[in-house]
Amino acid sequence: MDLKEISSGVDQNTHWYYQSKKLPLFNYFKKLPDGIKYNIIDVGSGSGFFAKELLHTFPDKINICYLIDTEYTDKEITESLGTKFLKQNKIPNAVSNSLVILMDVLEHLEDDFQMLIDIKNNSVGNANYYFITVPAFQSLWSAHDDYLCHHRRYTITTLKELLLKSKFPFDSIYYLYGTLFPLVWITRKISGLFPSKEITSEMKPVHPILNKILLFIGNFDANYMDKNKLAGVSCVAFGKYTNK
């Protein structure tokens, strides 16, 4: 999760977007086989929000969390040694008994295919799983994408093609925030008519009442719209993979 998204003062512990987006990840993690203490490989982790939330919620099911981000300094990496959250600049050499999460990461990469191949090449054993979210629909492209240096937005079709090409089988692939799609589409089309000279983030603190409303909608989508193949603001995919 890009740190630039929270640079405007957004509190990830209360903001509707983060609090609802973690739910599909939680729902999937609950379904993973018991009897294994999983390693969490949080690629492009930024603040490490999603890995930290997983460990807080499922402490008995997690061994250690690897926070992977090229922005971590040598000091941050050294200070993380001996903790449950190991910060690194690259994927561990041997990923095993793991859930690899890429929460809004692939769109930042010129070569999203190579990232998935690198993960496969560093994986061993038959107990590795993945969970991916990416922004959906090029028609929703806005200054926010420019601000975050995105290369693309995805559809179910394009994400499916990427997963098949890199031999990542998927259990499910669907759109998230379908309920909000019409509002976001209209808002971004209108804002596109009056472009700002300054490229800024759309991720900002919202009024508590509006935050509760959006959280209710986001939670509904996360828990009950996991068969949505029509439209959404994000796209979700998850499954089990091997290094073959």
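Heads up: these notes are all about the structure in this document. (Residues numbered from 1 in each chain as written. Predicted model: local features only at pLDDT ≥ 70, side-chain atom pairs only at ≥ 80, totals over all residues. Heavy atoms only, no water.)

Structural notes on the side chain of Gln19
Here is step 1: On the secondary structure map, Gln19 appears in helix α1 (residues 16-31).
Here is step 2: The exposure class of Gln19 is buried, given its relative accessible area of 15%.
Here is step 3: A distance of 3.2 Å separates a polar side-chain atom of Gln19 from the backbone oxygen of Asn13.
Here is step 4: The contacts of Gln19, once residues within four sequence positions are left out, are Gln12, Asn13, Thr14, Phe49, Glu53, Leu215 and Asn219. (Helix = DSSP H or I, 4+ residues; strand = E, 2+ residues; numbered from the N terminus. Buried < 20%, exposed > 50% of the residue type's maximum accessible area, 1.4 Å probe, protein only. Polar contact = N/O pair within 3.5 Å; in protein donor to acceptor, adjacent residues only side chain to side chain. Contact = heavy atoms within 4.5 Å.)

Structural notes on the packing of helix α4 (residues 112-121) against helix α6 (residues 156-165)
Here is step 1: Contact geometry for α4 and α6: axes closest at 10 Å, N-to-C directions at 40°. When the axes of α4 and α6 are compared, the pair comes out oblique. For α4 against α6, the interelement crossing comes out right-handed. From α4, Asp112, Phe113 and Leu116 reach across to α6, where they touch Leu162, Leu163 and Lys165. (Axes fitted to C-alpha atoms, helices over the stretch in contact; angles between N-to-C directions. Parallel < 35°, antiparallel > 145°, perpendicular 65-115°, else oblique. Left-handed = near helix turned anticlockwise from the far one by under 90°.)

A look at a nonpolar patch on the surface
Here is step 1: A cluster of nonpolar residues, Trp185, Ile186 and Ile190, forms a patch on the protein surface that exposes about 290 Å² of accessible area.
Here is step 2: Structurally, Trp185 is set in helix α7 (residues 181-193). (Patch = residues over 30% accessible without salt bridge, like charges linked within 9 Å, V, L, I, M, F, W, Y side chains within 5 Å. Areas by Shrake-Rupley, 256 points an atom, 1.4 Å probe, with all protein chains shown as cover. Salt bridge = Lys/Arg side-chain N within 4 Å of Asp/Glu carboxyl O.)

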